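Structural overview
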Amino acid sequence: MNKKYPEYKQLNLPEIANEIEHFWAESSTFQKSIDEREGHESFVFYEGPPSANGMPGIHHVISRTLKDLVCRYKTMQGYQVKRKGGWDTHGLPVELGVEKLLGITKEDIGKKISIEEYNATCRREVLKFKDKWDELTRKMGYWVDLDHPYITFENNYIETLWWCLKELYKKGYLYESVSIQPYSPAAGTGLSSHELNQPGTYKDIKDTSVVAMFKAVKNDSSKWLFEDSKVEELYFLAWTTTPWTLPSNLGLTVGPRIQYALVQTFNPYTHLPINVILAEGLIPKYFKKENENGAVETYNSEVKELPWRILALINGEKLAGIKYEQLLPSAANTLEKIREITPNAEPFRIITGDFVTTEDGTGIVHTAPAFGADDFKAGQKNNLGILTLVDKEGKFVEGVGEFSGRFVKDYKDEKNYTDVNVDISVKLKKENRAFKVEKYEHNYPHCWRTDKPIIYYPLDAWFIKTTAVKDRMIELNKTINWKPASTGTGRFGNWLENMVDWNLSRSRFWGTPLPVWRTGDGEEEICIGSIEELRTELQRSFDAGVMKPHEGKTVAEQIDELTSDLHKPFVDKIILVSSNGMPMERVADLIDVWFDSGAMPYAQLHYPFENKKEFKDNFPADFIAEGVDQTRGWFYTLHALGVLLFDSVAYKTVVSNGLVLDKNGNKMSKRVGNVIDPFETLDIFGPDATRWYLITNASPWDSLKFDIEGIKEVQRKFFGTLYNTYQFFALYANLDQFSYKEGSIEIGHRSELDQWILSELNSLIKRVMENFDQYEPTHAGREIEYFVNEQLSNWYVRLCRRRFWKPVPLNQNGENIIEEMQDKIAAYQTLYECLDTISALMAPISPFFADWLYKNLNGVTGRQKENSVHLRKFPIYSEAIINHALESRMVMAQDISSLILSLRKKSGVKVRQPLQKVLIPSHGADFEQQILGVAKIIKAETNIKEIDFLPADNDFIKKRVKANFKSLGKKLGSKMKWAAEKINNLNEIEIDQVLSGTFLLNPEFSKLKEEEIYINIEDVEVTTNEIPGYEIAVKGSLTVALDLTLTPELEKEGFAREFVNRVQNIRKDRNFELTDKIDLIIEDKNPAKDIIIEFNEYICAEILAEKIDFQKQVSEASIIEVNNDQITLQVNKKT
RNA sequence: GAAAAUAUAGCUUAAUGGUAAUAGCAAAUACUUGAUAAGUAUUAGGUUGUCAGUUCAAGUCUGGCUAUUUUCACCA
């Protein structure tokens, strides 16, 4: 007894997924898919570690589907694809979560709760939702190794990070320096940008702003400026909202491409005549148009409005290098003091910077390197030096004259606080150094704990000198295959171009400690690169007596204990010893968590302490994929470390997927409540439809508007159709006991339709492969969809239905007729091959359903030895089976059929009513040949008896021609419009000339002194839009004319078909089996008796009747109506 | 403030610079019926976000603007 193909009541995708999930688990299919490829070429994939302290969302499903499908595809292609999962466990989000949980703030750590306890809580909390993540991973069918993930807080992982850091240290890429960071003097602490983005930190406040006047120094490099405009002295105007930074001023920045004006005017406070430089575009901000060239002579202190005149226009670039007098000189900011900090510094110069705008201010930016990130950068670049004349409490240091000791903002809520900024402004006014002083309202960040304004302040931090390899990073980035390419060149490329050194320092608690120990005086430091090294150094420290042994423990035990967890506070208990016996303590910093994940290629393998060979085989990655938000996160740190450590890319292809928005295009947020719960979605629709929808609806990098309706459509349209097709196959294959035990029938011996669908199938394989290879899964999925819906189901199966359910006729000896038998087997084999191949093609995208389909098929035939589609090789197309001529022929058949059906529809003639013939105007012998090849299909599909061609040269039909813009446009250029018009208006004789040879379009060419323009059949498109006496339908150059004449013969045949249809309905209503034979008894007096007798044989064959009897009276009768005739009859099932 | 992506029918989506812009869903109408919780046909639905430019020819190339989304910055 043959096994049966499972048949189902209805499609239940979640059920299928469930079943297959269990199957995978039981037979370790994932493991097998890797183990069986041992020794094969590997395809390297890196999993970007998610943080498990938050719930997974629907956007995780899309990026994971993408990762999974690539890995599954490559596995099926024969590569070994290892997929180690990972967890990102350090960092601020974790810490903030824990702070919230414990109801504490950063301040309390180490006080209300010990660091040890706090970190233990972090360690526990960080994997809080790991179960949920694992569940999602399983449910959505994401194959990744969950049992041996890398976890960034594990000692081995940290050890590799330390190794990386030491490598960088050895190369001189790890250094300590200052950086400008948000700082709260009131709280005495630096703030992370995250803290700065707390709600309510940015407030509108009014500050005293000053436009200060910097007096230019006349020397060799500036002589031209003075002499060109015949002035004795001039000032640069620069605006600031923080006058307290003015004593620390070291430069003025102008925009290199901004036009500046030298303006003659007066100082509104001192009324002295002055000449000032500011951006030309900003003149209206300070001067009224009507006062231009005003009366300079009569200006006095009573005149409110300043007369002014432009003396010269100067390009910003030309100003660079000019020196100016220091605005607020004091003991603390002399050149000597500056050079004590920065030897050879060249301050008090005009420099250029691209960040300068003419939006506000004067177009000249006061630059105090200590108090602004841009200023700092500009200062470094131009060697201005750096002055920090404000201490960490927020007050001026000693040596700033009368301002020393005063707070730059009211940080202490002093009763009689007077604003030092106002006093500075007053001083400038008196000294003829202020051009405009006013209150200015702007948005400024405040410390979220003290509510006091923050300042930007230089703080010590550790950096990685990424700028040292900037060019190399840019160069290597060009070798990376970015999907989409614009992210690589644009977002990422621009980022690289403007790269700054990587600030590694974080002053938190739960993270990888920076493994640098140094002596108190900073004279000696050591960077530790391994646990072994740490133990050796520790031993030395014990030996030197710097570390004191605890009672009751041996030194060895203590070393074990101290190195058992490389986190705070334990590492901070370790004191090492310098070469001359001084104690060395660890620097306070933790490192940026992005370093953790960026180093995963090395750390996940505990390289170089283990797995040296594995690492060699697993670096760089062939493929990674994450959300586009990782561009400057993980993608960057991976790349940076790859280049810094190994002078290599870390990944060859990277796909950055876009965002998932709600169906209205809004961002999903918990607050709005439009968040999609991935678990619910997977439960209702199953992972296959969900994945298919996510992949085929939009390219991964476009943002996706997530709409449940879309999944429903996928479920119904694609999976429903594919399921139906399978059900259809299973139904009849089970009846006929088809199990592919017969030898495969050669393609050449199968029917035209079989050859066609197999050709299309092979074309499909080719296109799907190409798309997968190019990381275009969206196109691959849509191709599969089109094939299943349009070609397989709607054309092949529909046209072939009869071949499956029609019993094989017998010959005289009561045996099956061999040819008919073969044809039926060919149909089964063809449909089987299509379904089987589809299961493999769709497997990467919808792994559960694909495996279900595969197993249902293969479970009966056993044609493949693998018990899962995912262990199979991806199908390989055969160029030999692809028949382009056949494919285009079939398109023709579909077009013609569709045209005929539309004509039938228009004239109300049912398909069941046969028609005699259809006329098609011919386009030549090839054209006719093509159609004749599919004539049988057209006739059957449309119930037409013959297809006739109207010869091309007949004068019966009217032809029209239209210009072929593509071919003519290139030749004619600007004459195109004229030619198109001319061609449209050609008469029939002229058209015939065009079609039969060449035609001169401009006979009067010599008169007009033109080139001759000849056109031929290639240059026009021919249509037929009129055939006298016929209803016609047109699509492109194809025209179909239907003969609607109904002869009595045709009518009778139509009647017979209608009759069959009615009887079939009765069979179905009575739930007869497909194979049940019947007897038919018809009431004698019915009007159509003659027709039924005439078509007796046809009718009996169709309805599986042995005979049709006519009787006077029929009991248990049914009454049917055919073409307005009532027929009373009785259908009896034969037993 | 800067950069990037996107914008085509009510929705989703296609279109090497070349005819009159492609399909599906939804809508309406009819048909079909041994794949039927399906299928087929027909109809309607479009100023291709907007304004310019390049071109014989623009949904497509260039520029400006607008909207949405993202990232970075918030600084004088």
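Residues numbered from 1 in each chain as written. Chains lettered and ligands numbered in written order. Predicted model: local features only at pLDDT ≥ 70, side-chain atom pairs only at ≥ 80, totals over all residues. Heavy atoms only, no water.

Describing the packing of aromatic side chains
The geometry of an aromatic ring pair is captured by two quantities: the separation of the ring centres and the angle between the planes. The criterion, for reference: Each Phe, Tyr or Trp ring, with Trp reduced to its six-membered ring, pairs with another whose centre is within 6.5 Å; inter-plane angles below 30 degrees give stacked pairs, above 60 give edge-to-face pairs, and intermediate values give tilted ones. Helix numbering and strand numbering both begin at the N terminus, where a helix is a DSSP run of H or I of at least 4 residues and a strand a DSSP run of E of at least 2. For every residue, the accessible area obtained with a 1.4 Å probe (protein chains only) is divided by the maximum for its type, and the residue is called buried under 20%, exposed over 50%, and partly exposed between those limits.
Applying the stated criterion to the full structure yields 61 aromatic pairs. Ring plane angle 15° and centroid distance 5.4 Å describe the contact between Phe623 and Tyr775, whose orientation is recorded as stacked. Pair noted here: Phe623 is in strand E23 (residues 621-627) and Tyr775 is in the loop between helix H25 (752-773) and helix H26 (777-805), with a separation of 152 residues, a long-range link. Overall, the relative accessible area of 0% leaves Phe623 in the buried class. For the ring pair Tyr693 and Phe706, a centre distance of 5.7 Å and an interplane angle of 85° mean the geometry is edge-to-face. Here the residue Tyr693 occupies a position in helix H23 (residues 678-697), and Phe706 occupies one in the loop between strand E26 (704-705) and helix H24 (708-735), the gap between them amounting to 13 residues.

Concerning the state of the cysteines
In protein structure, a disulfide is the covalent linkage between the sulfur atoms of two cysteines. What counts here: The disulfide definition used here is simple: a pair of cysteine sulfur atoms within 2.5 Å.
In this structure the tally under the stated criterion is 0 disulfides. No disulfide involves Cys800; its sulfur sits 9.8 Å from that of Cys834, the nearest cysteine. We classify Cys800 as buried; its relative accessible area is 0%. The exposure class of Cys834 is buried, given its relative accessible area of 0%.

A short note on the sheet that holds strand E28 (residues 944-950)
Quick note on the threshold: Following DSSP output, two strands are said to pair if at least two bridges run between them. Helix axes are fitted only over the stretch in contact, all axes being lines through C-alpha atoms; the angle between N-to-C directions runs from 0 to 180 degrees. Residues count as neighbours in contact if any of their non-hydrogen atoms are within 4.5 Å of one another.
Taken in spatial order, the 4 strands of this open sheet run E28-E27-E34-E33, and their pairing is mixed. Both outer strands of the open sheet, E28 and strand E33 (1031-1035), are each paired with one neighbouring strand and no more. On average, each strand axis in the sheet is inclined to that of its neighbour by 25°, with strand direction left out of account. Two elements, E33 and strand E34 (residues 1038-1042), share 5 bridges in a ladder whose sense is antiparallel. Of the residues in E34, the one forming a bridge with Ile1032 is Ala1041. Docked against the sheet, helix H30 (residues 925-933) engages strand E27 (915-921), E28 and E34, running at close to 175° with respect to E28.

Some details on the environment of Ile938
Within the secondary structure layout, Ile938 lies in helix H31 (residues 935-942). Residue class for Ile938 comes out buried when judged on its relative accessible area of 1%. For the pair Ile938 and Ile896, spaced 42 residues apart in sequence, the C-alpha separation works out to 7.2 Å. Apart from the residues lying within four places of it in its own chain, the contact partners of Ile938 are Ala893, Ile896, Ser897, Ile900, Ile931, Asn943 and Ile947.

Regarding the pairing of strand E18 (residues 516-519)
Relative to strand E19 (residues 525-527), E18 runs antiparallel, the two sharing 3 bridges. If you follow Val516 over to E19, its bridge partner there is Cys527. Linking E18 to E19, which pair antiparallel, is a turn of 5 residues; within it Gly522 sits at a positive phi near 75°. As judged from the 3 bridges shared by E18 and strand E21 (residues 583-586), these two strands associate in the antiparallel manner. Opposite Arg518, over in E21, you have Glu585 as the bridge partner.

So, the sheet that holds strand E15 (residues 481-483)
An order of E15-E24-E23 is seen for the 3 strands of this open sheet, with the pairing classed as parallel. Two strands in the sheet have a free side with no partner beyond their single neighbour: E15 and E23. Going across the sheet, the axis of each strand differs from the next one's by a mean of 15°, ignoring polarity. Sheet contacts for helix H3 (residues 58-76): E23 and strand E24 (651-657); angle to E23, the most-contacted strand, approximately 165°. Relative to the sheet, helix H16 (residues 485-497) contacts E15 and E24, its axis offset from that of E15 by approximately 100°.

Points about the confidence of the model for chain A
Formally: Along the chain, pLDDT gives the predictor's confidence residue by residue, from 0 to 100.
Here chain A averages 84 in pLDDT, while 95% of its residues score no lower than 70. Element-level pLDDT for chain A is lowest in helix H8 (residues 193-196), with a mean of 59, against a maximum mean of 95 in helix H2 (residues 29-35).

Quick word on the packing of helix H32 (residues 965-972) against helix H33 (residues 976-984)
Short version of the rule: Working definition: roughly parallel below 35 degrees, roughly antiparallel above 145 degrees, roughly perpendicular at 65 to 115 degrees, and oblique for all remaining angles. In a left-handed crossing the near helix is turned counterclockwise from the far helix by less than a right angle, and in a right-handed crossing that turn is clockwise.
In the contact formed by H32 and H33, the axes pass within 9 Å of each other and the chain directions differ by 135°. Considering their axes alone, H32 and H33 lie oblique with respect to each other. By crossing handedness, the relation of H32 to H33 is classed as right-handed. Facing H32, whose interface residues are Phe965, Leu968, Gly969 and Leu972, H33 presents Met976, Ala979, Ala980 and Ile983.

Structural notes on the nonpolar core
Looking at soluble globular proteins, one finds that nonpolar side chains tend to be buried together. Where we set the bar: To define a nonpolar core, start from buried Ala, Val, Leu, Ile, Met, Phe, Trp, Tyr and Cys residues and group those joined through side-chain atoms within 4.5 Å. An automatic or database domain assignment is the source of the domain bounds shown.
Judged by nonpolar contacts, the single largest core of 126 residues is most densely connected at Tyr5, Phe729 and Tyr796. The element contributing the most residues to this core is H24, with 12 residues. Both domains that meet at this core, namely domain 1 (40-90 + 126-171 + 473-497 + 592-659) and domain 4 (707-882), each give it at least three residues. Among all residues touching Phe729, those that are not within four sequence positions of it are Tyr5, Phe738, Tyr828, Leu831, Tyr832, Leu835 and Leu857. Judged by nonpolar contacts, the second largest core, of 71 residues, contains Leu161, Val516, Phe635 and Val649.

Considerations on the side chain of Gln829
Structurally, Gln829 can be placed in helix H27 (residues 818-842). Apart from the residues within four sequence positions on either side, Gln829 is in contact with Phe738, Tyr740, Glu742, Gly743, Ser744, Ile745 and Arg750.

Some details on the protein's contact with RNA strand B
Counted only if it meets this: Here a residue is near a molecule or strand as soon as one of its heavy atoms is found within 4 Å of it. Polar contact is the term for a pair of N or O atoms within 3.5 Å; when the atoms are in protein, one must be able to donate a hydrogen and the other to accept it, and sequence-neighboring residues count only if both atoms are side-chain atoms. For this classification, Asp, Glu, Lys and Arg are treated as charged, while Ala, Val, Leu, Ile, Met, Phe, Trp, Tyr, Cys and Pro are nonpolar and the rest, including Gly, are polar.
If you check the shell around RNA strand B, you find 58 residues, and the closest are Trp239, Thr240, Arg912, Lys966 and Glu1021. The sugar-phosphate portion of RNA strand B accounts for 55% of its atoms within 4 Å of the protein, the bases making up the rest. Contact between RNA strand B and Gln10: a base nitrogen at 2.4 Å from a side-chain N or O atom of the residue. Tyr732 is positioned such that a nitrogen or oxygen atom in its side chain is 3.2 Å from a sugar or linking oxygen of RNA strand B. In terms of residue count, H24 provides more of the surface near RNA strand B than any other element does, 7 residues in total. Residues belonging to the surface near RNA strand B are distributed by class as follows: 14 nonpolar, 22 polar and 22 charged.

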